[in-house]
Amino acid sequence: MSDISDDMLKPDEPSGQPEQQPAYPSVPAPHTLPSTPPFAAEVKDGVFALFAFILGYFFCRWVLTSFFGWGAAVFTAMYLSSVLFYLLKKGVRPTRESWFWFAVTALTGLSSALWNDMGLIPLRNMFLFCSAVYWMMTAASVQISGKTGNYLLLDGINAVCVIPFRNFINQYRALGALRGGRQKDRKKILSVLLGIALAIIILLIVTPQLLKADSGGFKNLVYNIFYFLRFDWVKILEFLLYCFLAVPTAAYLFGLASGSAVKRGTDAFTEEKAEKAVAAVKITPPVTIYIILGAVCVMYIIFIGCQLPYFFSAFTGTRPDGWLSYSEYARQGFFELCGVAAINLALLTAANILSKKPRENHAVLKAFNIILALITLLLIATAFSKMTLYIGAFGLTILRILPCVFMVLLAFICVALIVLQKVKFSIVRASLIFGAVLFTALCLADTDSLVVRYNTDRYLSGALDQYDTDILYRSGPAGVLPALDVFNTTSDTVLKEKIGAYLADQKESVGRFKGAYRETLQMSEAWEMIKDLN
């Protein structure tokens, strides 16, 4: 230690020369995205968090595993009323647009209790889910533009995927608020619930094994307990399954509601970012757009001119030469329409987005928009006339109604596109509202009864040569009354046998759902007509 001089212990003094820089420059710390602030839960959040478990259970019980019945309608009413009450308690004042989606969701849910609509079940359930989620988004006004606009696709992704999962644990934070925020009590409650759940699972696994190994005493005890309590293993397991599914479902519903109410995690997409992204792709010179759209328009005009007899024969009620069946003729026309309409709409969308010159100052682009929209309208009218010809020859089915509805929507979009060249508005918003009204009306129209009644009346009047009993099965209980009309009128013994088999099948199936949550008003009416049939 003596070798260390006093000078070595002194701090370094500035030498007057510049300080040596390190050989490698320092790297700045990586930029981190700001984290979403935690959800500040209150007692009212905790109350709704508890009720969310009930909503989750009823959703899994009455909607997820069922397709129709009063259960779906009751869940819809509970969902709309409870979420609306929660939003009002959180200080959210629903927008005027949200009341439209409130009515759409309520009426679609109500249709589940009125009609079975077997052919509409997948589309109706999907539409009910989307409208219910979007209603909550519009009520809290968390869309990118503050209302439905041209960024509908991003709004949909935000509502279905982003907001619920970014707020997925909000429900458990809200449950903690019921205990005054004391961490110790929250942990104790969670520990008890976890212990109960695990104990039930272990007992369900161990008990059957013990019953197999038992000589008789334990088995008799267990059976006596279950007989006394009238337990049903199937119903118990079904109940536990629904409870298990209700946990993530409740977290999803509460995450969407709470995130929308406090606008937490709703800024994944912003209007500024979306506008910058659109502006970045406006790179195509106007002359390129002119050449592409001009070539397409000329091709369509030449094609239609060469196919005039094929395109317009349906307007006169005749089938062109070379077509063996009405079904082939009508289907070919419809799929042509779908392909051409999709190409036209995609082409016009790309042209308006990619063009360097804004559409408002682009007279030539406006002209091409109008021409392509008119061509599409012409094809829609032709395809619709073909479908009318097909229905007149073979009757109605739900698979023939849906294309007609789709063509009406396409026609509206084309007309809106033409109007857009003179009046500024959101064509996406207008098309969405029109489509929602159209589909809601379809759900309330009782399409199964419409189909089978139309075919029955035409058969009894002699306009149809054959009566399709397969449609009766696809219509479910809606076909009972028309089937009875044909059964009591026709002298065809083979047809009577087929209708009798259908009525027997409906008596069994409707009776199985009688009084259950899957029963509809239509089922009740059908039961009164067939309950006394032998």
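Residues numbered from 1 in each chain as written. Predicted model: local features only at pLDDT ≥ 70, side-chain atom pairs only at ≥ 80, totals over all residues. Heavy atoms only, no water.

Asker: Report on the overall build of the chain, specifying residues and quantitative values.
Answerer: When you go through the chain residue by residue, the secondary structure sums to 22 helices and 0 strands. The burial tally for the chain puts 41% of its 534 residues in the buried class. Here the contacts in the chain between residues at least 6 apart in sequence split such that 77% fall between residues at least 24 apart. A total of about 29900 Å² of accessible surface is found on the chain, and carbon and sulfur atoms cover 67% of it. (Helix = DSSP H or I, 4+ residues; strand = E, 2+ residues; numbered from the N terminus. Buried < 20%, exposed > 50% of the residue type's maximum accessible area, 1.4 Å probe, protein only. Contact = heavy atoms within 4.5 Å. Areas by Shrake-Rupley, 256 points an atom, 1.4 Å probe, with all protein chains shown as cover.)

Asker: A description of the nonpolar core should follow, citing residues and the corresponding values.
Answerer: Among the nonpolar cores identified, the biggest contains 86 residues, and Phe75, Tyr79, Tyr86, Trp135 and Phe254 are the most heavily contacted of them. Sequence-distant contacts of Phe254, that is, excluding residues within four places in its chain, are made with Phe39, Asp45, Phe48, Ala49, Ala52, Tyr86, Asn170, Gln171, Ala174 and Gly259. In this structure, Tyr459, Tyr467, Leu484 and Leu503 belong to the second largest nonpolar core, which totals 15 residues. (Core = buried A, V, L, I, M, F, W, Y, C linked by side-chain atoms within 4.5 Å.)

Asker: So, the packing of helix α3 (residues 70–89) against helix α5 (residues 121–140): which residues are in play, and what are the values?
Answerer: One way to put it is that α3 packs onto α5 with a least axis distance of 11 Å and a crossing angle of 10°. In this view, α3 runs roughly parallel relative to α5, as classed from their interaxial angle. Taken as a pair, α3 and α5 cross one another with a handedness that is right-handed. Side by side, α3 and α5 meet where Thr76, Tyr79, Leu80, Val83, Leu84 and Leu87 of the first sit next to Leu128, Ala132, Val133, Trp135, Met136 and Ala139 of the second. Looking at the contact of α3 with α5, its residues break down into 11 nonpolar, 1 polar and no charged. (Axes fitted to C-alpha atoms, helices over the stretch in contact; angles between N-to-C directions. Parallel < 35°, antiparallel > 145°, perpendicular 65-115°, else oblique. Left-handed = near helix turned anticlockwise from the far one by under 90°. Nonpolar A, V, L, I, M, F, W, Y, C, P; charged D, E, K, R; others polar.)

Asker: Which residues make up the pattern of salt bridges, and what are the values?
Answerer: Side chains carrying opposite charge are able to pair once their charged atoms draw close together. Inspection of the entire model under this criterion finds 10 salt bridges. Between Lys90 and Asp45 there is a salt bridge, with the nearest N and O atoms lying 3.2 Å from each other. Taken as a pair, Lys90 in the loop between α3 and α4 (96–114) and Asp45 in helix α2 (residues 43–64) lie far apart in primary sequence, 45 residues in all. For Asp45, a relative accessible area of 0% translates into the label buried. Among the ionic pairs, Arg453 bridges to Asp457, the shortest N-O distance being 3.3 Å. (Salt bridge = Lys/Arg side-chain N within 4 Å of Asp/Glu carboxyl O.)

Asker: Talk me through the environment of Thr65; I want residue IDs and the actual numbers.
Answerer: Examined against the element boundaries, Thr65 turns out to sit in the loop between α2 and α3. A sequence separation of 177 residues divides Thr65 from Tyr242, and the C-alpha atoms of the two residues are 9.6 Å apart. Those residues in contact with Thr65, other than ones at most four positions away along the chain, are Cys60 and Tyr242.

Asker: Any details on a nonpolar patch on the surface? Residues and values, ideally.
Answerer: Taken together, the side chains of Leu194, Leu198, Ile201, Ile202, Ile205, Val206 and Leu210 make up a nonpolar region of the molecular surface, amounting to roughly 640 Å² of accessible area. Within the secondary structure, Ile205 sits in helix α8 (residues 183–213). According to the relative accessible area criterion, Ile205 is exposed, its value standing at 54%. (Patch = residues over 30% accessible without salt bridge, like charges linked within 9 Å, V, L, I, M, F, W, Y side chains within 5 Å.)

Asker: Tell me what's going on with the environment of Gly259, and back it up with residues and numbers.
Answerer: Here Gly259 lies in helix α10 (residues 233–262). With a relative accessible area of 0%, Gly259 lands in the buried category. Excluding its chain neighbours within four sequence positions, the residues that come into contact with Gly259 are Ile163, Asn167, Asn170, Phe254, Arg264 and Thr266.

Asker: For the confidence of the model for the chain, give the residues involved together with the corresponding values.
Answerer: On average, the chain scores 82 in pLDDT, and the residues at 70 or more come to 80%. Counted against residues more than four places away or in other chains, residues 1–34, with its pLDDT under 50, gives 1 contact. (pLDDT = per-residue confidence, 0-100.)

Asker: Tell me about helix α6 (residues 152–166), and name the residues and values.
Answerer: For α6, which comprises 15 residues, the first-to-last C-alpha distance of 20 Å matches the rise-based estimate of 21 Å (1.5 Å per residue) to within 8%. Approximately 45° is the largest bend angle found in α6, and it occurs at Asn158. For α6, every residue scored as buried is listed here: Asp155, Asn158, Ala159, Val162, Ile163 and Pro164. (Expected span 1.5 Å × (residues − 1). Bend = angle between axes of the 7 residues up to and from the residue.)

Asker: Before we move on, could you go through the packing of aromatic side chains and cite the residues and values that matter?
Answerer: Tallying each qualifying case throughout the model produces 23 aromatic pairs. Ring geometry for Trp101 against Tyr134: centres 5.3 Å apart, planes inclined by 85°, an arrangement best described as edge-to-face. Within this pair, whereas Trp101 is found in helix α4, its partner Tyr134 is found in helix α5, the two being separated by 33 residues in sequence. Summarising the burial analysis for this pair, Trp101 and Tyr134 share the class buried. Above the face of the Tyr390 ring, Arg400 is positioned so that its terminal group lies 4.6 Å from the ring centre. (Phe/Tyr/Trp six-rings, centres within 6.5 Å; stacked < 30°, edge-to-face > 60°. Lys NZ or Arg CZ within 6 Å of the ring centre and 35° of its normal.)

Asker: Please give an account of helix α21 (residues 493–513) that cites residues and values.
Answerer: The periodicity of an α-helix, 3.6 residues per turn, causes residues three or four positions apart to be oriented the same way. Between its first and last C-alpha, α21 extends 31 Å over 21 residues, near the 30 Å set by a 1.5 Å rise per residue. Within α21, burial applies to Leu495, Ile499, Tyr502, Leu503, Gln506, Ser509, Val510 and Phe513. Buried residues in α21, looked at end-on, bunch into an arc of 140°, giving them a common side. Turned more than 90 degrees away from the buried face of α21 sit Thr493, Glu497, Glu508 and Arg512, all of them exposed. Packing partners of the buried residues in α21 comprise α18 (447–460), α19 (470–475), α20 (480–489) and α22 (521–530). One side-chain oxygen of the residue at the start of α21 lies 3.1 Å from the amide nitrogen of Val494, identifying that residue as Asp492. (Arc of directions from axis to C-beta. Polar contact = N/O pair within 3.5 Å; in protein donor to acceptor, adjacent residues only side chain to side chain.)

Asker: Which residues make up unusual backbone geometry, and what are the values?
Answerer: A negative phi holds for most residues other than glycine; trans holds for most peptide bonds. For Ser141, which is not glycine, the phi torsion reads 55° and is therefore positive. Within the secondary structure, Ser141 sits in the loop between α5 and α6. Given the relative accessible area of 25%, Ser141 is considered partly exposed.

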